[in-house]
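Results of the structural survey
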Amino acid sequence: MSAGALHPTTLLQAVAAAFAEDGALALAQARFQPRPGQAAMAEAVAETIEQGGALVVEAGTGVGKTFSYLVPALLSGERVLVSTATKALQDQLHGRDLPKLLQALALPARVALLKGRGSYLCLHRLELARQHPSAEDSAVARMLARVEVWSQATATGDLAELPGWDERSAATPLFTSTRDNCLGSACPRFRACHVYQARREAMAADVVVINHHLFFADHAIRGTGVAELLPSTRVVVFDEAHQLSDTGVQFLGSQMASSQWLDLARDVLASGLQWARGLADWQGVAAALEHAARDWRMAVGARTPGSRLRWAGEVPDGVDAEGWSRALQDLSAACRQALAALDTVSEIAPDFVRLHERCVALMERLGLFLDAAPGSAVRWVEIGTHHVRAAQAPLDIAVPLRGLWFPESAAAAAAAAADEAGGSGPPAVPEDAGADPDLPWSDEPAAAVAAAQADEPPVPPLAQPLWPQGPAGTGGLEGLEGRDGAPHADSGPPGRPRAWIFTSATLGDDASLRWFTEACGLEGARVLQVPSPFDYAAQAGLYVPRHLPAPSDPGHGAAVARWAGDAARVLGGRTLVLTTTLRALRTIGDALKARFADGSGIEVLVQGEWPKRRLMERFREGDGDGMRPGCVLVASATFWEGFDVPGDALQLVVIDKLPFPPPGDPVVEARSQRLEQEGRSAFRHFALPEAAIALKQGAGRLIRHEQDRGLLAVADVRLATMGYGKRLLAALPPMRRIQDEAEWAEALRELAAVTTPSTTDRPSP
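Quick caveat: nothing in here was measured; it's all calculated off a predicted structure.

**Overview of the packing of helix α21 (residues 556-571) against helix α22 (residues 582-595)**
- Two elements in contact, α21 and α22, have axes whose closest approach is 9 Å; the angle formed by their N-to-C orientations is 45°. The orientation of α21 with respect to α22, classified from their angle, is oblique. Viewed along their axes, α21 and α22 form a crossing whose handedness is right-handed. Touching G557, A558, V560, A561, R562, G565, D566 and R569 of α21 are T587, I588, A591, L592 and R595, all from α22.
- Looking at the contact of α21 with α22 residue by residue, the class counts come to six nonpolar, three polar and four charged.

Following this line, the structure appears as structure tokens:
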């Protein structure tokens, strides 16, 4: 223990007192009820904060994990970093949970919210937006008018505060920036920049709420020598940690999209006409870039949008080699033409300097994809309706992550491996490997940041902790790997190792949570599972209808739609149908919309038809006001998790098929092949755990509160007939089993007859 710090039991005692029946939380919240699981998790978090190291906690729905990690983190007096996977949870933590707890605990800590740059209004681009060709569209012009009015009143520039904003709007790129088009310190509005303002507030805060992308960005930035961008911290909490590995893989990979080339073409044209009209053939330069990008998309041929093509050889599978090669050569030629034009005007405006840098970066990325992929990575091409994206990602990031969580042991292992190999260490991660175009400051030089800070007031010290502490932190998070590829040996303040907390409602389907710990290099972490306090046997029922066609039957989707529609009619809507594919989404969605036309008393919502936020709001409203019909929502992908509907608005969740990873996906194939080469079963060690986790996530949408009642139906007979079904069933909450159609019909009638007060205004912490 560090000099000046109190005995570890001091924090444990403070945490226990806060969660007691007469503690600070109970006094501040009328509905607070002590929960043994919540207190146990908080105790484990407190112990980890005091001792350092890593703690992995799977906390079932209703445990109240948010308070379980926030209370000990706040009471510790340490600087805290909380990372989430979604903006929605970021906003909830910053806008609701943290203010509530700080008031209850009577703590003066300062809190900051930090998102990716695409979440903030760019003042410079807004000023130029009216000159952009897209602004001639009436819908875009109307949106720009609203943003211009809002920009005069907003203090943060956070677009989540813009009423009615749809991030899919064609106007959004006109008033937001990316890593590609941000001018950094050369921007004429740099002093007033909302992104920089958010960063400055984060530097002065005691608690900073970020997301997983920004966490990995900070590592990449520090690894290239840029001054630290996030506050120094000793306590790091990852909520929604089940997404951490996928985010890391994405961030440490590389990608090149036709949309980047099209954006470049539009920006070259707009800037050329704005600042250097007549000095170059901007129309011709932009047209060459645009045609090359569209020809690249055409080179892959007619493909189903959303499909992925494996790219193990010189060209992606099924793609004409000559056409593909010609398309990439045309991209290179168009980029060289743009560079030549930009060279002649680079001193006129900083926009041209940035455009030149973007061209160089795209040429470098093009060169990467012209070379063969390394054996440790998987490469593929992703097809959209109008776009194409080339991507390359590592198959495994456990080693660099292990070096981050356990730096001393990782450094020793790296040194031993280097000695054995004659002094050569593992290859270093490329400096720009994880560059995400929507992350703030990944392109700003340290000198620019320092210059901008020079005129600002000094960063004030941290708020006083609840009790005296040991030495301060060591200057923030270190890079994933050093220049030589070896993990940084940073373990936090001297004598007090950094504390890493990982939590989610779904982290595995076994006691060791191997699905999560193995992928994230956390085999040495302490593991804790806290079961849900809900009485699932009384609150929910599970049914596997055996009369429906097999999942491989072409008529399966239509049959699921009819069967789910029958149930939804009994309940007056209140149904969420989760699909495993976009094809099933369309099949089931179209069938239900045709069945429940206007005037039927049920409104069918289908993902993609409205913005996600609007879909969620409408579904949560349900028929609660008595003036609108109940809802059936057909959704896929992101709706399998993070969609909370406490109360009667949701009473039935239908899952169309067992969510196994798609076998034809290049990433799935590559990971499966690697396991088979290691002598392990790809189905047992990869496909089955993935399905269990996804199934558990989907089922978790149903019961969100102690008063909720509902039914879960999995329209895949394999869950009941195949041997592996037992493992999948074991991953689900312990709901009562419904055996046949007669019992199912009775359960629906009983559920329809029960009305409980809505709890949407008091979700579980």
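**Comments concerning the packing of aromatic side chains**
- According to the stated counting rule, one finds 24 aromatic pairs in the structure shown.
- Centre to centre, the rings of W405 and F502 are 4.9 Å apart; their planes meet at 75°, and the pair counts as edge-to-face. A residue pair is termed long-range when its members are at least 10 positions apart, and W405 in helix α16 (residues 398-405) and F502 in strand β10 (residues 499-504) qualify at 97 residues. Neither W405 nor F502 differs from the other in exposure class; each is buried.
- Through a chain of ring-to-ring contacts, the aromatic side chains of F215, F216, F238, F251, W405, W500, F502 and F516 assemble into a single cluster.
- Residue placement shows R379 over the ring face of W311; its charged tip is 5.0 Å from the ring centre.
- Note that K612 overlies the ring of F639, its terminal NZ or CZ placed 5.1 Å from the centroid.

**Let's talk about the packing of helix α13 (residues 282-299) against helix α14 (residues 321-343)**
- Closest axis-to-axis distance for the α13/α14 pair is 9 Å, and the angle between their directions is 160°. Overall, the two elements α13 and α14 adopt an arrangement that is roughly antiparallel. In this structure, the crossing between α13 and α14 has a hand that is left-handed. On α14, the residues touching W282, G284, V285, A288, L289, A292, A293, D295, W296 and A299 of α13 are G323, W324, A327, L328, D330, L331, A334, C335, Q337, A338, A341 and L342.
- Considering only residue class, the contact of α13 with α14 consists of 17 nonpolar, three polar and two charged.

**Re the pattern of salt bridges**
- If you walk through the whole model with that rule in mind, you get 37 salt bridges.
- When the shortest N-O distance is used, the salt bridge between R234 and E78 registers 2.8 Å. Of this pair, R234 sits in the loop between α10 (212-223) and β5 (235-238) while E78 sits in the loop between α4 (65-75) and β2 (80-84); the two residues are 156 residues apart in sequence, bridging distant segments of the chain.
- According to the relative accessible area criterion, R234 is buried, its value standing at 2%.
- We classify E78 as buried; its relative accessible area is 15%.

**Here's the deal with a nonpolar patch on the surface**
- A contiguous nonpolar surface patch, about 290 Å² in accessible area, is contributed by W275, L279 and I348.
- You can see I348 is positioned in the loop between α14 and α15 (350-370).
- Judged by relative accessible area, I348 falls into the partly exposed class, the value being 41%.

**Structural notes on the sheet that holds strand β7 (residues 308-310)**
- Within the open sheet, the four strands sit side by side as β6-β9-β8-β7. Their pairing is antiparallel. With one partner strand each, in any of the chains shown, β6 (254-257) and β7 form the two edges of the open sheet. Taking each pair of neighbouring strands and ignoring which way they run, the sheet shows an average axis angle of 20°.
- Two strands pair when backbone bridges link them, and strand β8 (residues 377-383) and strand β9 (residues 388-394) are joined in this way by seven bridges, in the antiparallel orientation. Residue pairing for β9: V378 is matched across the bridge by A393.
- Its contacts with the sheet put α13 on β6, β8 and β9, and the angle it makes with β9 is roughly 75°.

**Digging into the environment of L107**
- When you line up the elements, L107 lands in the loop between α5 (87-105) and β3 (111-113).
- Taking relative accessible area as the criterion, L107 reaches 14% and is therefore assigned buried.
- As for L107 and L75, which are separated by 32 residues in sequence, their C-alpha atoms are 8.2 Å apart.

Reading the values: rules and limits
Residues numbered from 1 in each chain as written. Predicted model: local features only at pLDDT ≥ 70, side-chain atom pairs only at ≥ 80, totals over all residues. Heavy atoms only, no water. Axes fitted to C-alpha atoms, helices over the stretch in contact; angles between N-to-C directions. Helix = DSSP H or I, 4+ residues; strand = E, 2+ residues; numbered from the N terminus. Parallel < 35°, antiparallel > 145°, perpendicular 65-115°, else oblique. Left-handed = near helix turned anticlockwise from the far one by under 90°. Contact = heavy atoms within 4.5 Å. Nonpolar A, V, L, I, M, F, W, Y, C, P; charged D, E, K, R; others polar. Phe/Tyr/Trp six-rings, centres within 6.5 Å; stacked < 30°, edge-to-face > 60°. Buried < 20%, exposed > 50% of the residue type's maximum accessible area, 1.4 Å probe, protein only. Lys NZ or Arg CZ within 6 Å of the ring centre and 35° of its normal. Salt bridge = Lys/Arg side-chain N within 4 Å of Asp/Glu carboxyl O. Patch = residues over 30% accessible without salt bridge, like charges linked within 9 Å, V, L, I, M, F, W, Y side chains within 5 Å. Areas by Shrake-Rupley, 256 points an atom, 1.4 Å probe, with all protein chains shown as cover. Pairing = 2+ DSSP bridges.

Without other data, these values stay purely geometric and don't point to any function.
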